[in-house]
Amino acid sequence: MSNITTILLIPGLPLLAFLLLGIFGNSNSLLKQGAGIIATAFMAISCLLSVQAAINYFVMANLAENGFAAIILFKYTWLSFGSGISIDMGALLDPISAMMLVVVTFISLMVHIFSLGYMKGEERFATYYAFLGLFTFSMLGLILSSNIFQIYIFWELVGVSSFLLIGYYFAKPSAVAAAKKAFIVTRFADLGFLIGILTLGFYGESFDFQTLIQRFTDHQSPQFLAISAASFMGITGLSWGLMLVFMGGAGKSAMFPLHIWLPDAMEGPTPVSALIHAATMVVAGVYLVARLFPIFAISDQAALDVVAFIGILSALFAAIIACTQTDIKRVLAFSTMSQIGFMMFALGVSNYGGENGAGFSASLFHLFTHAFFKSLLFLGAGAIIHMVHSNNMEDMGGLRKHMPITHISFLIACLAISGIPPFAGFFSKEAILHAAHTSSPIIYYLALFTSMLTAFYMFRLYFNIFWRSEAKPNHNTHGEGTWSMKLPLIILGVLSIVVGFIPFSHYVSSDGKSLETHLDLMFSILPVSLAAAGILLAAYLYKNKNEKPEQIAQNLGGIFSLIKQKFYIDEIYLFITHKIIFNLIGRPAAWIDKHIVDGFYTLTAITTEEFSSTIKGWQSGNLQSYALYFLASILGLAILIIYALI
Amino acid sequence: MNLLLLLIIPFLTAIGILAVNGLKQVRTVAFIGSMIQLCLSFYLLNQYHIAKELGDASLMLFEQNYAWFPSMGVYFHIGVDGISISMIILTALVVVAGVLVSYGMEQLHKEFFFLLILLSLGAYGFFISLDLFTLFFFLEVAVIPKFLLIGIWGSGPKERSAMKLALMLMGGSAMIFIGLSGVYYYSNETCFGPRTFDMLALANNGISKEAQLFFFPFAFAGFGVFTALFPFHTWVPDGHSSAPTAASMFLAGISMKLGGYGCLRVATFLMPQAAEYYAPVIVLLATIAIIYGAFATMMQTDLKYINAYSSISHCGFVLLGIGMLTKVSITGAVMQMVSHGLMTALFFAAIGMMYSRTHTRLVAQLGGLLKVMPFISSIFIIAGLCSLGLPGFSGFVSEMTIFVGSWQNPNMWYRLATILSCASIVVTAVYILRAAGSSVMGPIKDDHFLKLEDALWNEKLAAVVLLSGIVIIGLAPFLLTDLLSPGTDIIMKQLLK
């Protein structure tokens with residue numbers, strides 16, 4: 001099979017599943033029954049093709065010895081704006097897109113399999129798989145985009161898939177509200193993205209990634225000079241463009257302060273959270289920055305500093321909140337936000353090329369490993385919720401005896417995310433910390449602290465679910481779930497151990513040339529022992545039921561509730577949207593329209609009517625009054641003429 | 001192809017409707033007639049492409065010119081370019097869908113379908129006219145039936161709405177008439193000869209800048225009334241919401257496009273210097289309409305009002321595209337006309353289907369319809385997603401074209417206007433999701449809803465007709481831009497002259 005067919009089939013198969021199940025899934029009983037199997041089979045083929053494409057790519061490009069070059073497999077002008085500016089639909093294969101293809105199709109496959117058991121018996125089973133197909137298609141399209149407008153198109157499509165999947169239980173008002181919130185917040189961020197695209201496209205005279213990168217990294221090019229000369233509020237056009245594009249990325253990746261949709265998005269079915277809100281869609285922001293990385297790193301260090309700042313801030317902020325949440329999915333949501341913060345600041349502290357680009361490789365390495373252990377955590381949480389019928393960790397406890405497979409895989413994932421060797425997260429996190437250490441000590445120490453918090457809240461979660469004394473002794477109703485649920489847990493558990501050993505930076509680096517990194521054991525002692533300390537603290541507080549956590553919370557008082565209420569960011573948003581936008585803009589606009597603008601026309605109508613009913617009286621049919629008007633007019637005219645003549 | 005066919009078919013359909021009796025026969029005649037017209041409009045598209053491939057470089061194709069009142073310079077001059085063809089196809093699609101959703105019309109069905117077809121006749125005539133007098137004649141043909149459609153078959157305060165709509169549109173017509181008369185009067189100023197209403201001759205000769213500056217506002221604002229130019233938009237909410245479903249679809253889908261087309265083809269094309277002069281005002285008013293319309297929509301509680309106000313906002317994009325005066329933005333404006341026509345017709349169709357079953361349009365009283373009528377609710381959601389500019393649907397490509405085109409204007413104020421207009425897509429998302437979230441999603445609020453039926457075959461077909469137009473443009477926008485390109489080139493040439 002040719003490369004182009006392969007690359008078209010990878011997103012094409014999930015799209016086909018979407019169309020097939022979306023249009024006929026509810027009317028055809030055969031499709032309705034077999035929806036899960038069909039979609040999973042399609043996804044499996046798509047996954048195999050991605051792996052094949054990735055292997056092909058990395059092996060072939062290795063032979064070239066010039067590092068990994070980007071390959072444009074095809075490009076088709078979709079919407080031309082004249083003078084070389086157009087939206088193209090194309091497929092760009094380079095190390096990061098090849099890597100992402102594998103991650104997305106593989107995690108999606110795992111979620112498809114898991115859902116066979118988890119969503120069994122749902123009324124809209126076919127619709128669910130249709131939406132999964134739509135999401136996977138959009139995400140793959142996003143990854144393969146060769147044009148910044150193309151990425152925006154798929155960006156919006158993943159947004160709407162996320163909306164549809166969060167709102168899957170549409171009869172539940174909270175699910176609808178969460179779906180709306182997710183869509184609107186990311187849409188707001190996308191507004192920035194769009195204006196950023198317009199700016200970059202206007203000055204760069206192209207929407208093509210490679211052209212833009214080439215023009216904006218060449219400091220002599222007319223496009224670079226034009227965009228640098230344009231400035232608004234003292235910031236150059238390039239910085240505006242990049243920061244606005246980053247705003248879009250920050251919205252999708254739930255970076256502070258655009259993160260508020262992510263915890264609520266947990267209203268969706270749990271496998272969906274594993275796919276969209278842990279492993280794939282939420283890292284799109286990281287992917288976007290990585291895609292434009294040469295422009296950031298070579299031409300606009302200021303915008304990259306913003307990325308680093310927002311990244312570390314979000315990482316720390318989310319980790320603090322995660323320590324206080326009791327809904328297990330929300331803990332995982334904040335942990336996702338925190339880990340994406342790690343990826344962001346790793347990009348932010350990186351430079352372009354060679355050893356200086358270590359942060360870039362580290363960031364994408366973390367993206368890679370995180371996808372496995374975080375989706376494992378979510379799927380594990382799904383299995384737990386499936387059994388306990390609650391999201392709240394207070395309803396859990398002692399589950400290790402009832403769900404051995406879930407327990408072991410969850411433990412592996414917790415160790416991985418905490419950065420304990422030899423689990424996957426250790427390698428990627430070490431790489432990030434190493435990169436931060438060489439470029440910015442402040443970020444390094446904050447990151448160290450955050451990773452200690454990570455170990456603490458993850459093991460708080462772990463001990464509360466699997467240890468502690470049992471809260472409800474009688475919740476073991478239908479076992480650990482079907483094999484279709486256990487199998488993905490086992491596979492992901494194994495992978496969460498082994499993927500860390502991949503020499504990632506050999507394949508993925510900022511400039512395409514392979515970069516050899518070595519583990520520095522002396523350097524690792526501090527982060528690992530801090531993580532171990534976090535785990536021990538969690539064990540001390542939560543392994544057995546006791547009063548200590550309560551007491552600590554009480555002692556902290558206001559600070560604790562401030563954190564537990566997520567720093568009241570949601571309330572601030574509510575205030576701005578409801579009090580200011582609805583009451584101070586929306587209502588007055590509607591009122592003005594009804595009473596002033598339309599009132600003017602009503603007034604005109606009334607005046608006309610009054611006027612006509614007044615003059616209507618003149619035409620009374622009364623001969624005497626006509627004679628009177630006649631005489632009076634004659635008299636008036638006569639006087640006028642006489643005066644005028646004299 | 002003989003363009004007169006585009007007028008003859010609706011005319012014969014109207015006669016046919018009068019000739020037969022009974023709802024079934026009447027609606028069948030109307031359906032067949034509108035389907036023939038739809039096929040004809042695609043045939044026209046095909047013929048147009050063939051002619052262009054053969055290298056026909058004339059401005060207008062398939063021209064025909066008959067003397068009407070030659071002493072006054074009035075000719076029955078017709079012809080089409082890509083812009084008119086896109087409008088004709090839009091009209092044909094909306095008419096087919098409108099006839100289909102009105103299949104259950106019990107009351108005075110004969111008159112109802114007759115007026116619908118008459119209205120479409122006016123629209124077709126308007127889009128193929130190349131003579132200002134003919135154009136104005138057909139514009140009036142398209143106005144009067146609306147008054148009757150709303151006044152007789154409407155709901156709510158229908159008499160008041162019908163009156164308001166008719167009076168405001170008549171006011172608009174009066175302004176247009178002043179504008180057109182002015183153009184006519186000064187048409188022999190630069191080149192000596194008899195005065196003319198012929199648009200091609202007018203464009204070729206040009207009229208003096210002073211005359212343009214004086215008459216442009218009349219023509220533009222007059223057509224602006226039709227396309228909901230702020231502050232002449234207030235007929236839109238009342239008119240749309242009182243109208244019966246098919247009439248709402250016509251009104252928003254076609255009638256508002258008459259205005260946009262007129263602003264472009266008459267005002268901008270014939271008075272380019274004035275268009276440039278008044279561009280900042282147009283941009284300002286369009287931006288106000290976009291933002292203010294969107295915010296006003298957010299506070300509406302009736303689904304039809306929501307769609308009507310959102311039409312104000314969306315038609316603002318048309319005017320913004322025209323006001324920005326770049327080739328890309330004008331192309332975007334025409335795309336937005338087509339897109340909005342289809343999308344809003346789909347929206348009104350879905351609302352009409354919901355209303356005819358639940359007997360309410362208030363968001364607060366609806367809820368959970370996705371469970372009982374999945375098809376109608378899905379159509380509603382899809383129309384909403386199109387309205388908020390989701391890629392894959394026509395709304396996205398047209399809005400993006402306008403944004404890209406507007407951004408090419410490096411003026412700071414125009415940039416600001418563009419940014420504000422872009423911001424409206426967020427507000428659009430808010431009101432669309434609020435409406436969808438509480439009317440078709442959420443828990444079922446009324447137990448009566450559980451007994452309701454989903455869409456019938458005719459309603460499904462209507463939705464599919466409109467949706468396929470939306471999706472085709474959304475997936476393959478180059479089909480539309482290639483069609484429009486020669487037409488917009490001519491307008492740009494006129495502007496750069």
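Residues numbered from 1 in each chain as written. Chains lettered and ligands numbered in written order. Predicted model: local features only at pLDDT ≥ 70, side-chain atom pairs only at ≥ 80, totals over all residues.

Asker: Explain the overall build of chain A here, please?
Answerer: Of regular secondary structure, chain A possesses 26 helices and 4 strands. Within chain A, counting contacts between residues at least 6 apart in sequence, those at least 24 apart form 80% of the total. (Helix = DSSP H or I, 4+ residues; strand = E, 2+ residues; numbered from the N terminus. Contact = placed C-beta atoms within 7 Å.)

Asker: Hey, could you run me through the overall build of chain B in this one?
Answerer: Counting its secondary structure elements, chain B contains 19 helices and 2 strands. Against the compact-globule benchmark of 23 Å for 497 residues, chain B has a radius of gyration of 21 Å, which places it among compact chains. Long-range contacts, defined as pairs at least 24 residues apart, comprise 79% of the intrachain contacts of chain B with a sequence gap of at least 6. (Rg over C-alpha atoms; globule rule 2.2 N^0.38 Å.)

Asker: For this particular structure, what's the right way to read the packing of helix α8 (residues 209-226) of chain B against helix α10 (residues 245-270) of chain B?
Answerer: How two helices pack is summed up by the angle between their axes together with the distance between the axes. Residues and elements named next belong to chain B. Between α8 and α10, the shortest axis-to-axis distance is 6 Å and the interhelical angle comes to 160°. Between α8 and α10, the angle falls in the class roughly antiparallel. For the element pair α8 and α10, the recorded crossing hand is left-handed. Contacts between α8 and α10 involve F216, A219, F220, F223, G224, V225 and F226 on the former and, on the latter, S255, M256, L258, G259, G262, C263, V266 and A267. Counted by class, the contact of α8 with α10 contains 11 nonpolar, 4 polar and no charged residues. (Axes fitted to C-alpha atoms, helices over the stretch in contact; angles between N-to-C directions. Parallel < 35°, antiparallel > 145°, perpendicular 65-115°, else oblique. Left-handed = near helix turned anticlockwise from the far one by under 90°. Nonpolar A, V, L, I, M, F, W, Y, C, P; charged D, E, K, R; others polar.)

Asker: Please explain the interface of chain B and chain A as it appears in this structure.
Answerer: Often, the extent of an interface is quoted as the loss of accessible area upon association of its parts. Facing 39 residues of chain B, the contacting portion of chain A comprises 35 residues. Residue assignment for the side of chain B that touches chain A shows that the elements contributing at least two residues are α11 (272-298), α13 (327-358), α14 (369-372), α15 (374-387), α16 (394-407), α17 (412-439) and α19 (477-496) of chain B. Looking at which element gives the most residues to the side of chain B that touches chain A, the answer is α17(B), with 9 residues. Per-class residue counts for the side of chain B that touches chain A are 29 nonpolar, 8 polar and 2 charged.

Asker: Honestly, helix α5 (residues 148-166) of chain A in this entry has me stumped. Any pointers?
Answerer: One turn of the α-helix equals 3.6 residues, which is why residues spaced by three or four share an orientation. In this model, α5(A) (19 residues) spans 27 Å end to end at C-alpha, consistent with the 27 Å of a helix rising 1.5 Å per residue. Of all 19 residues that make up α5(A), 19 are buried, and the element is covered over most of its length. (Expected span 1.5 Å × (residues − 1). Buried ≥ 20, exposed ≤ 12 C-beta atoms within 10 Å, placed from the backbone.)

Asker: Explain the nonpolar core to me, please; I cannot follow it from the model alone.
Answerer: The tendency in soluble globular proteins is for nonpolar side chains to be buried side by side. Counting 434 residues, the largest nonpolar core has B:L93, B:A97, B:L319, B:L346, B:A349, B:A350 and B:L466 as its most contacted members. Apart from residues no more than four positions distant in its own chain, B:L466 is found in contact with B:L93, B:A97, B:L342, B:A345, B:L346 and B:A349. (Core = buried A, V, L, I, M, F, W, Y, C linked by C-beta atoms within 7 Å.)

Asker: Please explain the pairing of strand β2 (residues 86-93) of chain A as it appears in this structure.
Answerer: A regular strand places its side chains so that they alternate between the two faces of the sheet. Residue and element names in this part refer to chain A. With 6 of 8 residues buried, β2 is to be regarded as a mostly interior element. Bridge count between strand β1 (residues 71-80) and β2: 8 bridges; the pairing is antiparallel. Following the sheet pairing, F74 is matched in β2 by A91. (Pairing = 2+ DSSP bridges.)

Asker: Explain the environment of A:G25 to me, please; I cannot follow it from the model alone.
Answerer: Among the secondary structure elements, A:G25 is positioned in the loop between α1 (3-24) and α2 (29-64). Put simply, A:G25 and A:L191 are 166 residues apart on the chain and 35 Å apart in space, counted from C-alpha to C-alpha.

Asker: Is there a simple way to think about unusual backbone geometry in this case?
Answerer: Trans peptide bonds make up most of the peptide bonds, and negative phi angles are found at most residues other than glycine. In the segment running from A:F256 into A:P257, the intervening peptide bond is cis, with an omega of 0°. Relative to the helices and strands, A:P257 is located in the loop between α9 (237-252) and α10 (261-264). Backbone torsion omega between A:P421 and A:P422 reads 5°, so that peptide bond is classified as cis. One non-glycine residue, A:A254, lies in positive phi territory at about 55°. The residue A:A254 is located in the loop between α9 and α10 in this model. Look at B:H359: it is not a glycine, yet its phi comes out positive at around 60°. Along the chain, B:H359 falls in the loop between α13 and α14.

Asker: Please explain the packing of helix α3 (residues 95-118) of chain A against helix α16 (residues 358-388) of chain A as it appears in this structure.
Answerer: Residue and element names in this part refer to chain A. Viewed as axis vectors pointing N to C, α3 and α16 meet at an angle of 5°, and their least axial separation amounts to 11 Å. As summarised for this structure, α3 and α16 are arranged roughly parallel, according to the angle between their axes. Contact residues: α3 offers I96, M99, V103, I107, M110, F114 and Y118, while α16 offers L364, F368, A371, S375, L379, G382 and H386. Of the residues contributing to the contact of α3 with α16, the split by class is 11 nonpolar, 3 polar and no charged.

Asker: I keep staring at the confidence of the model for chain B and nothing clicks. Help me out?
Answerer: In this model, chain B carries an average pLDDT of 88, and 100% of its residues clear a pLDDT of 70 or more. Mean pLDDT values for the elements of chain B range from 82 in α14(B) up to 92 in helix α3 (residues 82-101) of chain B. (pLDDT = per-residue confidence, 0-100.)

Asker: What's the story with the environment of A:G425 in this structure? I'm lost.
Answerer: Residue and element names in this part refer to chain A. Following the sequence through the fold, G425 ends up in helix α18 (residues 424-439). Exposure remark for G425: the 30 C-beta atoms within 10 Å place this residue in the buried category. Taking the C-alpha atoms as reference points, G425 and S529, 104 residues apart in sequence, are found 15 Å from one another. In this view, G425 contacts T369, F373, A416, I417, S418 and G419; residues no more than four positions away in its chain are not counted.

Asker: Sorry, what's going on with the pairing of strand β2 (residues 74-80) of chain B here?
Answerer: Residue and element names in this part refer to chain B. Within β2, 5 of the 7 residues are buried, which leaves the element mostly enclosed by the surrounding structure. Two elements, strand β1 (residues 61-69) and β2, share 6 bridges in a ladder whose sense is antiparallel. Pairing of L61 across the sheet is with V80, part of β2.

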